[in-house]
Amino acid sequence: LAAMAGAAAAQDYPTKPVTIVVPFSAGGPTDTVTRLVAEPMSKSLGQQIVVQNVAGAGGTLAAGQVARARPDGYTVLMHHIGMSTAPSLYKNLPYDPLKDLQTIGLVTDVPMTIIARKDFPPKTLEELVAYVKENKDKLTYANAGIGAASHLCGLLLMKAIGADVTTVPYQGTGPALTDLVGGQVDFMCDQTTNTTGQIKAGEVKAYAVTTKERLKSLPDLPTADEAGLPGFEVSVWHGLYVPAGTPEPVVQKLNAALQAALKDENVASRFAELGTAPVAAELATPEAHKERLSSQIELWRPIIEAAGVMAK
Ligand code: MLT
């Protein structure tokens, strides 16, 4: 009887507001992407979507919370590349990304930018590398905690530079960027969905974008490869999840709403202004998303192990 009631509930889904949990602070890059797609998703689902920020532990707090939530489609998670780095960074991660969460579909791949407070002395990425090497004991690098995209990019940057600096962890790169603009920290690596406005306004110094090609939205910014860090590439893939065990009709309804949101004109134009784009329809599927997650877990494991940065 309970199974029949569950099946009926799945057919009627959604009959009340749906919450999308964002694992970092409000106003930051993950929050921005989530709120942009939530609007058309809400129209497709015919229900309000509430965006809830559950920041902490580099995004793993929220992921664990959603993994343990009731699998009824009313608690959804937006997460990014951190979903694939956390299993290697945390010894006792309280969830298994592949087993405890069900993928809904990929959303977008966001480029990162290497930026600094606007009065930071180096003028180019090459100068930054030399400066960081020389002044490593005095500098601070902002990130959003172990498991954040800004943490991963910092890890790769320090490895490329061959120096470690003190990191200052925030609940998200929204507040980290505020402090960078205020000059409280020296430099960081953060997604264009957060940094484009400040770069264009000249409120921060930008050295490079971490993609193979330059961006239309920031055409004067060189790629890291062009600017002196050959092969330095990282982009931040995002996807939607529900707890494992969520009924298939619910997964399909959420997926259809995501697919429609990615075709929405406002989403496409705002994404373009922020240096990104919706993924192609064939990537916004549970299968393609799961494939990305498992291949990325394998990709980052040896890199993280070699860096020796296990959290606990
Ligand atoms: C955020 O939304 O604050 C970011 O995605 C944090 C990060 O991963 O660097």
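Up top you'll find the structure we're talking about.
In short, a report on the structure. A quick note: this is a predicted structure, and the numbers were derived from the prediction, not measured.

**Side note on the site of the ligand**
Phase 1 of the analysis: Around the ligand, the structure places Phe 24, Pro 29, Thr 30, His 80, Ala 144, Ala 148, Ala 149, Ser 150, Gly 172, Thr 173 and Gln 191.
Phase 2 of the analysis: Between an oxygen atom of the ligand and a side-chain N or O atom of His 80, the distance comes to 2.7 Å.
Phase 3 of the analysis: Starting from 270 Å² of accessible surface for the ligand in isolation, the protein chains cover 100%.
Phase 4 of the analysis: Breaking the shell around the ligand down by element, the ones donating at least two residues are α2 (29-45) and α7 (149-161).
Phase 5 of the analysis: Each residue belonging to the shell around the ligand can be placed in one class, and the counts come to five nonpolar, six polar and no charged.

**Details of the packing of helix α4 (residues 82-89) against helix α12 (residues 286-307)**
Phase 1 of the analysis: Taken N-terminus to C-terminus, the directions of α4 and α12 make an angle of 45°; their axes are 8 Å apart at the nearest point. Of the possible angle classes, the one that applies to α4 and α12 is oblique. Once α4 is placed against α12, the crossing between them reads as right-handed. On α12, the residues touching Met 83, Ser 84, Thr 85, Pro 87, Ser 88 and Leu 89 of α4 are Leu 293, Gln 296, Ile 297, Trp 300, Arg 301 and Ile 304.
Phase 2 of the analysis: Classifying every residue of the contact of α4 with α12 gives seven nonpolar, four polar and one charged.

**What about the side chain of His 79?**
Phase 1 of the analysis: Assignment of secondary structure puts His 79 in strand β3 (residues 75-80).
Phase 2 of the analysis: Sequence-distant contacts of His 79, defined by excluding residues within four places in its chain, comprise Pro 23, Phe 24, Gly 59, Ala 63, Trp 237, His 238, Gly 239 and Tyr 241.

**Remarks on α2**
Phase 1 of the analysis: Along its 17 residues, α2 runs 24 Å from first to last C-alpha, staying within 8% of the 24 Å computed at 1.5 Å per residue.
Phase 2 of the analysis: At Ala 38, α2 is bent by approximately 30°, the largest bend along its length, and proline Pro 40 sits one to four residues beyond.
Phase 3 of the analysis: The buried fraction of α2 amounts to 13 of the 17 residues, a majority that puts the element mostly inside the structure.
Phase 4 of the analysis: The first or second residue beyond α2 is Gly 46, which carries a positive phi of 70°.

**Observations regarding the nonpolar core**
Phase 1 of the analysis: Val 37, Met 41, Leu 125, Phe 187, Phe 232, Leu 240 and Leu 254 are the most contacted members of the largest nonpolar core, which totals 99 residues.
Phase 2 of the analysis: Counting residues per element, this core draws most heavily on strand β4 (residues 101-117), at nine residues.
Phase 3 of the analysis: Among residues more than four places away in sequence, those in contact with Phe 187 are Ile 115, Ala 116, Phe 120, Val 132, Leu 139, Thr 140, Tyr 141, Ala 142, Leu 157, Met 158, Val 165 and Leu 180.

**Quick notes on the packing of aromatic side chains**
Phase 1 of the analysis: One pass over the structure, following the stated rule, counts four aromatic pairs.
Phase 2 of the analysis: An angle of 65° between the planes, with centres 5.1 Å apart, marks the rings of Tyr 13 and Tyr 74 as edge-to-face. Placement of Tyr 13 in the loop between α1 (2-12) and β1 (18-22) and of Tyr 74 in the loop between α3 (60-67) and β3 is noted, with a sequence separation of 61 residues between them.
Phase 3 of the analysis: The buried category is assigned to Tyr 13, whose relative accessible area is 3%.
Phase 4 of the analysis: When its relative accessible area of 12% is taken as the criterion, Tyr 74 is described as buried.
Phase 5 of the analysis: Ring plane angle 75° and centroid distance 5.3 Å describe the contact between Tyr 141 and Phe 187, whose orientation is recorded as edge-to-face.

**Quick notes on the state of the cysteines**
Phase 1 of the analysis: Enumeration over the complete set of coordinates arrives at one disulfide.
Phase 2 of the analysis: Here Cys 153 is linked by a disulfide to Cys 189, with a sulfur-sulfur distance of 2.0 Å. Measuring the twist about the S-S bond at about 60°, one finds the Cys 153-Cys 189 disulfide to be right-handed. Highlighted residues: Cys 153 in helix α7 and Cys 189 in strand β7 (residues 187-191), separated in sequence by 36 residues.

**A short note on the environment of Val 251**
Phase 1 of the analysis: Note that Val 251 resides in helix α10 (residues 248-262).
Phase 2 of the analysis: Separated by 34 residues in sequence, Val 251 and Thr 285 place their C-alpha atoms 10.0 Å apart.
Phase 3 of the analysis: Not counting the four nearest positions on each side in its chain, Val 251 is found in contact with Gln 102, Thr 103, Ile 104, Val 242, Thr 246 and Pro 286.

**Remarks on the pairing of strand β2 (residues 49-53)**
Residues in a regular strand project their side chains so that they alternate between the two faces of the sheet.
Phase 1 of the analysis: Here β1 runs beside β2; their pairing, made up of five bridges, is parallel. Along β2, the bridge assignment pairs Val 21 with Gln 52.
Phase 2 of the analysis: For the segment spanning β1, α2 and β2, crossover handedness is right-handed.

The rules behind each value
Residues numbered from 1 in each chain as written. Predicted model: local features only at pLDDT ≥ 70, side-chain atom pairs only at ≥ 80, totals over all residues. Heavy atoms only, no water. Near = heavy atom within 4 Å. Polar contact = N/O pair within 3.5 Å; in protein donor to acceptor, adjacent residues only side chain to side chain. Areas by Shrake-Rupley, 256 points an atom, 1.4 Å probe, with all protein chains shown as cover. Helix = DSSP H or I, 4+ residues; strand = E, 2+ residues; numbered from the N terminus. Nonpolar A, V, L, I, M, F, W, Y, C, P; charged D, E, K, R; others polar. Axes fitted to C-alpha atoms, helices over the stretch in contact; angles between N-to-C directions. Parallel < 35°, antiparallel > 145°, perpendicular 65-115°, else oblique. Left-handed = near helix turned anticlockwise from the far one by under 90°. Contact = heavy atoms within 4.5 Å. Expected span 1.5 Å × (residues − 1). Bend = angle between axes of the 7 residues up to and from the residue. Buried < 20%, exposed > 50% of the residue type's maximum accessible area, 1.4 Å probe, protein only. Core = buried A, V, L, I, M, F, W, Y, C linked by side-chain atoms within 4.5 Å. Phe/Tyr/Trp six-rings, centres within 6.5 Å; stacked < 30°, edge-to-face > 60°. Disulfide = S-S within 2.5 Å. Pairing = 2+ DSSP bridges. Right-handed = clockwise from strand over helix to strand, strands pointing away.

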